[in-house]
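Listed here are the chains, written in short residue letters.
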Amino acid sequence: MNIKFCLAVLAALMIASVPAGAQSKLNVIATTEDLGSIAREVGGDHITLDSIAKGYQDPHFVEAKPSFILKLQKADVLIVIGRDLEIGWLPPLIQQSRNAKVQVGADGYLDASLQARILEIPQGQVTRAEGDVHPLGNPHYWLDPENGKIIAREIFDRFVKLRPNDRAYFEPRLNDFVSRLNEAEKRWVAMMAPYKGIKVVTYHRSYSNFAERFGLTIADFVEPKPGIPPTPQHTLDVINGMKQSNIKLVLVEPYFDLKTPNAIGRQTGGEVLVMPPSVGGVKEITDYFKLFDYDLNLLVEAIKKTGAK
Ligand SMILES: [Zn+2]
């Protein structure tokens, strides 16, 4: 077979795979399963979807596999968390995909953080020199359902820009998602209302938006700084602080070693909870709604069990 013939066959196959008059499905890649879940809500079966980081992985530190480059090569849209969350692994993948559609600044590149409520934006000069992995504010903003709605609207706007003919399909899906989320949020806030101000320690600074929405007070972190592993001195400070303030709960993201949290738990009589901050963090958390259902149920059970205040 000569090369011209091969190309002709390939072209014919490509044409055959798209029905006449119809647009092909928008090929969406999300960097996390949280963004993937929201994209699916809006995009339904008019998109194909893949997420890169799994919910049980630390989204700051994902192993960049060659298969991710192949996914990006075929993508129409790449949705990212932004705020430098993916800075350690995503830029080379985007570059090596050589896909103009998803390069930073292209219509197919969507930074979902741009309209969201971002907490802890540092003042003044910020560097990553000290290892802080949150140099542009807290990137775990999806853990507030209010931000979930904002992300969904941004995804909707971008999908419509790229597939204007599909507006009538995407729009009711967006509206339905927002209204279900409004209902669920009322239920979640009511669940937590009796425990307003409850003090907790978390391993990483993942739960700032979550705490703001659901009335938790995060008193300290097992990490001395976001992305910096625990040190003996800092661990001692955490233990003393928990004893002084009678804090009984330590929340740990599933991808961190439990050795230090368990030691803190033993020293303080506190409960260590493995609490997934993402869709896919455990198999029960199959979508954005189940993320809050799971985490808030876990939290309420532990509060009741420990009598934490
Ligand atoms: Zn982080």
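Figured I'd write up the structure that's included with this text.

Details of unusual backbone geometry
Then, number 1: Not every positive phi belongs to a glycine, and E120 is a case in point at roughly 60°.
Then, number 2: Relative to the assigned elements, E120 resides in the loop between strand 4 (109-111) and helix 5 (145-162).
Then, number 3: Phi is positive for N246, which is not a glycine, with a value near 55°.
Then, number 4: Topologically, N246 is positioned in the loop between helix 8 (232-245) and strand 7 (249-252).
Then, number 5: Residue classification places N246 among the partly exposed positions, given a relative accessible area of 48%.

What to know about the environment of Q244
Then, number 1: Take Q244: it is sitting in helix 8.
Then, number 2: Expressed as a C-alpha distance, the spacing of Q244 and T268, which sit 24 residues apart in the sequence, is 9.8 Å.

Side note on the side chain of T268
Then, number 1: By the element assignment, T268 lies in helix 9 (residues 259-268).
Then, number 2: Residue T268 is classed as buried on the basis of its relative accessible area, which comes to 9%.
Then, number 3: Excluding anything up to four places from it in sequence, T268 contacts I239, M242, K243 and K248.

A closer look at the side chain of H140
Then, number 1: Structurally, the position occupied by H140 is in the loop between strand 4 and helix 5.
Then, number 2: Within the structure, the side chain of H140 is placed 3.2 Å from the side chain of H134, a separation counted as a polar contact.
Then, number 3: Those residues within four positions of H140 in sequence are excluded, and the remaining contacts are P59, H60, L85, H134, H204, R205, S206 and N209.

About the cut-offs
Residues numbered from 1 in each chain as written. Predicted model: local features only at pLDDT ≥ 70, side-chain atom pairs only at ≥ 80, totals over all residues. Heavy atoms only, no water. Helix = DSSP H or I, 4+ residues; strand = E, 2+ residues; numbered from the N terminus. Buried < 20%, exposed > 50% of the residue type's maximum accessible area, 1.4 Å probe, protein only. Contact = heavy atoms within 4.5 Å. Polar contact = N/O pair within 3.5 Å; in protein donor to acceptor, adjacent residues only side chain to side chain.

In short, geometric facts, not functional conclusions.
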